[in-house]
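# Report on the structure
Chain by chain, the residues:
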Amino acid sequence: MDALPLDRTEGTADHTVDTLTYRIQICIVTAMSSSLHALGRWCHRHGRLVLVGWLAALLAAMLFAVGVGKGTHDDFSLPGTEGQEALDALERTFPQIAGVSAQIVLVAPDGSTVDDPAVRSAIDATLANVRAMPLVDEALSPFDDLVDGTVNDERDAAIVQVQFAGGPGDITEAVKDELQATADPLRDIGARVEFGGGAFMNTGPTITWMEAAGVVVAFVVLWITLGSVRAAGIPIMTALVGAGITMSLIWALTAVVSLASPTPLLALMIGLAVGIDYALFIVSRQREEQAAGVAPDEASGRAVATAGSAVVFAGITTLIALAGLAIARIPFLTWMGVTASASVAIAVAVAVTLLPALMGLAGPRLAPRGNGRQARHPIARRWVRSATVAPWATIVLVVAGLAALALPGRELQLALPGNGTAEHETTQRAAYELIDEYFGPGFNNPILLQADIVQSMDPVGLMDALGAEVAAFDGVDTVALATPNPTADTGVVQFFPTTAAENPATARLVERLRDAGPRFADEYGVHTAVTGQTAMEIDVSDQLSATMLPFGAFVVVLTVIFLSTVFRSVVVPVKAAAGYLLSVGVSFGAVVMVFQWGWAAEVLGVDHVGPVISFLPILLMGVLFGLAMDYELFLVSRMKEEFGRDGDPGRAVTAGFLASGRVVTAAAVVMLAVFVAFVPESDAMVKPIAFALAIGVFVDAFIVRMVLVPAVMAVLGRRAWWMPAAFERLLPRLDVEGDALHERVARETWPDEPVVIAADGLRLRSGLRVERLRVPAPLLVVEGAAADRAEVLALLTGRSPSTPAPVRVGQYVLPFDAARLRRDAVLADWPGRTDRGSVAEELRRLGAEDPGAAVSATTAALGAAGCSVREIDLDTPLDRLRAAERAVLAVAAAPVRVVAVDLAELSDADVDHVLAALGWVADDRIVVAGVAPGQPPQDAHVLDLTARWELTSA
């Protein structure tokens, strides 16, 4: 026997724990790469089946949505707050006030007033029509003694308050149309009539030709980038399928959950953008593999395992960031995050399954023409050279410029949408403007003071006194109503402020009224609370503003942890987080300049200049985080790969940029096309979000990642990849670029010599290191202590926490093929632990496919080994078998190719007999036998774990 020394390191507890942790991490990483590789190949080979499955899922989702969907509703509730609790109480005790309401705003014909007989008669006729509607609970005449302020001072305009008995889901478009038809008597006399209020706030999502134009632009970009119509069409098809399923499921979700109207559009926008981008990364990698001569199915497997791994990790980080919107503890925003996360998850699932299926249907035709190589990247080369020729100057200019553009973001004002942000041609926008013109801005924003008056002996007098108290507050225009409910246990003061809801003065008025609660309790003996839609919107905006800092900290910490794990670096994630914050700041600044200052508002179709939707900042931070990590990942990972080749940091920056810049540029342009398409035609809620995302993507991709990052990496040099050893041990290992698969491909022909079992640098948990193992025969005997022996047997059957060292067992290479080996290997439990039952029963327990053949093989092997053989058949009782016969039978019965069995419990003589017999059984399988120290015969291939020697050749 040829032997080499083993290296035994004194094992410590810390060393054992670190080694085990590292092995588990490697196992997880390689399992993911190998699983994605297998998934990509399977989907490629079964393209029609996968395509039919996804189309069936799309059809089922659409039918489900049509069958159960109820539509969206802008329910901006905030559980747990004073305003929400008071509003919930009013719904129980005073539903006439708290339910869904509408406003009929009328302006008398020119030269007339609402007191003219003809106008008064038309108002009465309209009121009669409204009260005849089944869902209407009450319609208050503007001349009713109970209300004040519903006729303006000039007496040429009036407001009819309509209260519905149903919930938001009951106010359908048909109900709104019926309500609008009730005003025909007013229209007949020439009066202008418009409709507003809460019933008209929700218009639902609308998809216009601009969104389709964005998809067309994305297709053109893909065509230019990939140079193939077929290759460009596949990402569009997969993104549309994913978006269709997402939209259908969201619409079906409205049957059980109240979703805000922008929720479906936001999910569509995000789903389309990431769906196309994720598919682009995978298609590009698959075509590169085909250009290198790899078979189409293998190319799809490798693309899904490499670029697909990056897509999965990018999707997970985006999903976590969007799900983090729940930090705000606002239901409608949480559901926005959940649905947006679902759109990303579906996009990832489609990218790693449907995409390789379509690539399989395309076959070799998807391969690029010629050798598939790109040109020498003259534009990209000049770009990166200009960014790195004077890196400090680049850094200063970029940071200073972006910081200056971010400064206007300090003036960002937030508010929830209302009828004042609706499109100009809608009746609710017209009603809002008429109220603003004829009554004042505060009349669009009624506020309620709710009072618990159950102890009062004079509820009417008490409410009159509270109404007078409210009217005395600065900022209150008119107290319209101060009345107890019919059961005199709850009272309400409805009043209008002098300022609009988004005006900070209105929020201060609400705060002063709440601060007056203790005084009202002392003077009147009642508990009061300020509520109503306006107060609730103020509460939601305040809550969102207060959440921005913790959510921002969550995203930044997530950035640092994720990138530290990926790149094994300290400064790279810090640089990435700083760049992300710059991108977010510039987005905020651009939103202020356009939507609050009015710059280029007409060009972008901005109808309303003022505060933007309250959840824009937190939503932007969540979505932009995922996109920024995509660009950082694909750019910097290639730079790290190039640095690993020769250790030259300058060359690595340039080469990495040239290798990934083209695809990242195309991905960013696709994102821009999708987001920009939602800006001109979207409603006031979606428009600023789409605009902010478009600015954020442009700045992050083209300035931060493609200018600032190369400059910073050039300055850092080798220091970019430094990380303290202690910190590195704490972090898990993520293979976001499928490095495990690359190594698996490189190990296809390892080792050079023909062997059955091989290993290099194998370290056991005890500290023992097997430097080099080569076994040319299908039988290996492992001699050693019980723990070492068990670990080797488990490892060679794919059942041990994996090792970074390469190990070959037949056709399987570990750690990459551990799952496949596990399915084709068994740790045999030879039947020496029980004497009950027959041979047939024991073989069934062992899973023998052909019990008769197993018995015949056992007797033949024992006979060939020179053992005395007794007659054995399926009816033979187990207690009549010798231990050696049982051990050989267990191996012969195994229904797999690789069998490991521990023989340490046998006597030395039995071990000799069993190993001799296993030499015959192992002709069609690989057998690994464990024995105690001193047991193995001299003519076997032995891995001796008891001494400093190991077998290296036959």
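Residues numbered from 1 in each chain as written. Predicted model: local features only at pLDDT ≥ 70, side-chain atom pairs only at ≥ 80, totals over all residues. Heavy atoms only, no water.

## Quick look at the domain arrangement of the chain
Assigned domains within the chain: domain 1 (15-74 + 206-370), domain 2 (82-202 + 430-536), domain 3 (377-410 + 538-734) and domain 4 (750-944). On a C-alpha basis, the centroid separation for the pair domain 1 and domain 2 is 48 Å. (Domains from an automatic or database assignment.)

## Some remarks on helix α31 (residues 908-921)
For α31, spanning 14 residues, the distance from its first C-alpha to its last is 20 Å, which sits close to the expected 20 Å at 1.5 Å a residue. By the burial criterion, the buried members of α31 are V911, V914, L915, A917, L918 and V921. (Helix = DSSP H or I, 4+ residues; strand = E, 2+ residues; numbered from the N terminus. Expected span 1.5 Å × (residues − 1). Buried < 20%, exposed > 50% of the residue type's maximum accessible area, 1.4 Å probe, protein only.)

## Observations regarding the packing of aromatic side chains
Under the criterion given, the structure shown has 13 aromatic pairs. Ring geometry for F195 versus F200: centroids 6.1 Å apart, planes at 35°, classification tilted. Under the relative-accessibility criterion, F195 is labelled buried at 1%. According to the relative accessible area criterion, F200 is buried, its value standing at 4%. When the ring of F443 is compared with that of F496, the centres are 4.4 Å apart and the planes differ by 15°; the resulting orientation is stacked. Residue F443 is located in the loop between α15 (427-438) and β8 (447-452), and its partner F496 is located in strand β10 (residues 490-497); the two are separated by 53 residues in the primary sequence. Taken individually, F443 and F496 each receive the classification buried, so the pair is uniform in this respect. In textbook terms, an aromatic cluster arises when at least three aromatic residues are bridged by ring pairs, as seen for F439, F443 and F496. In this structure, R120 packs its charged tip against the face of F143, placed 3.8 Å from the ring centre. Looking at K176, its charged tip hangs above the ring of F200, at a distance of 5.8 Å from the centre. (Phe/Tyr/Trp six-rings, centres within 6.5 Å; stacked < 30°, edge-to-face > 60°. Lys NZ or Arg CZ within 6 Å of the ring centre and 35° of its normal.)

## Quick word on the packing of helix α10 (residues 262-291) against helix α11 (residues 296-323)
Following both chains from N to C, one finds α10 and α11 inclined at 155°, their axes separated by 8 Å at the closest point. For the element pair α10 / α11, the angle class is roughly antiparallel. Of the two possible hands of crossing, α10 and α11 adopt the one that is right-handed. Residue classes in the contact of α10 with α11 are distributed as 10 nonpolar, 7 polar and 3 charged. (Axes fitted to C-alpha atoms, helices over the stretch in contact; angles between N-to-C directions. Parallel < 35°, antiparallel > 145°, perpendicular 65-115°, else oblique. Left-handed = near helix turned anticlockwise from the far one by under 90°. Nonpolar A, V, L, I, M, F, W, Y, C, P; charged D, E, K, R; others polar.)

## Topic: the sheet that holds β8
Whether parallel or antiparallel, the strands of a sheet pair through hydrogen bonds between backbone atoms. The strand order across the open sheet built from 4 strands is β9-β10-β8-β11, with neighbouring strands paired in antiparallel fashion. Here the strands that pair on one side only, and so sit at the sheet edges, are β9 (476-484) and β11 (527-531). Taken over all neighbouring pairs, the strand axes of this sheet differ in orientation by 20° on average, direction set aside. Two strands pair when backbone bridges link them, and β8 and β10 are joined in this way by 6 bridges, in the antiparallel orientation. Bridged to A451 within β10 is G491. Here helix α3 (residues 82-93) sits on the sheet in contact with β8, β10 and β11, set at roughly 100° to β11. (Pairing = 2+ DSSP bridges. Contact = heavy atoms within 4.5 Å.)

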